[in-house]
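# Tertiary structure, described
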Amino acid sequence: MTDNEETVQASASLAERSRAADERDRLADEWDRLADERERAADDRERRADERETAADAREESLNHQQQRLDEYNRQRATRSLKTIELARASLERSWQRLARAEGAVRTDAHRAAREQTKVDRETATSDRAAKDVQREGTEDS
């Protein structure tokens, strides 16, 4: 082989090696680009998972807060109901006491009226006997 042929062959070999190196570089760059895309995709998936977890935590916290508010409302409502029941019970107790006093007064009045009626009945009987006695004496005198 002549020097010229060797030079041409060496140039061709050099050009081919250069193209091969360029292709390797291009493939390495493509590999790096794909690796970067995979890494970005993994980062995006992790970020979305973190966002979902944060949203779930916020929903759970909101639900817990709502449950606490509902529990407090129910406690206050139960307390108000108990107070209302206690007030109603106290009012009913006072009404029973008034009723008992009224019943006692009615019994006392009825007892007093019965005694007075008995007294009136005795006085009437005594008066009737006296009138009969007076009539008898008047008939005996005549």
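In case you missed it, the structure is sitting above this.
So, how was this worked out
Residues numbered from 1 in each chain as written. Predicted model: local features only at pLDDT ≥ 70, side-chain atom pairs only at ≥ 80, totals over all residues. Heavy atoms only, no water. Helix = DSSP H or I, 4+ residues; strand = E, 2+ residues; numbered from the N terminus. Rg over C-alpha atoms; globule rule 2.2 N^0.38 Å. Buried < 20%, exposed > 50% of the residue type's maximum accessible area, 1.4 Å probe, protein only. Areas by Shrake-Rupley, 256 points an atom, 1.4 Å probe, with all protein chains shown as cover. Lys, Arg positive; Asp, Glu negative; His and termini not counted. Charge placed at Lys NZ, Arg CZ, Asp CG, Glu CD. Salt bridge = Lys/Arg side-chain N within 4 Å of Asp/Glu carboxyl O.

### What about the overall build of the protein?
- Of regular secondary structure, the protein possesses one helix and zero strands.
- At 60 Å, the protein has a C-alpha radius of gyration far larger than the 14 Å of a compact globule built from 142 residues.
- In terms of overall dimensions, the protein has a C-alpha envelope of 200 × 15 × 10 Å along the principal axes.
- Classification of the 142 residues of the protein by burial places 0% in the buried group.
- Of the roughly 12800 Å² of accessible surface on the protein, a fraction of 52% belongs to carbon and sulfur atoms.
- If you average the places of the 29 positive and of the 36 negative side-chain charges in the protein, the two averages end up 14 Å apart.

### With respect to the environment of Q117
- Here Q117 shows up in helix 1 (residues 3-141).
- Sequence spacing of Q117 and R24 is 93 residues, and the spatial spacing of their C-alpha atoms is 135 Å.

### Focus on the environment of E93
- Assignment of secondary structure puts E93 in helix 1.
- Given the relative accessible area of 33%, E93 is considered partly exposed.
- E93 sits 34 residues away from R59 along the chain, and the two C-alpha atoms are 50 Å apart.

### A short note on the pattern of salt bridges
- Taken as a whole and assessed by the stated rule, the structure comprises eight salt bridges.
- With a closest N to O distance of 2.2 Å, E37 and R33 form a salt bridge. Of this pair, E37 and R33 both sit in helix 1, separated by four residues, roughly a single helical turn.
- What makes E37 partly exposed here is its relative accessible area of 34%.
- We note a salt bridge from R47 to D44, for which the minimum N-O separation is 3.7 Å. With a gap of three residues between them, R47 and D44 both fall in helix 1, about one helical turn apart.

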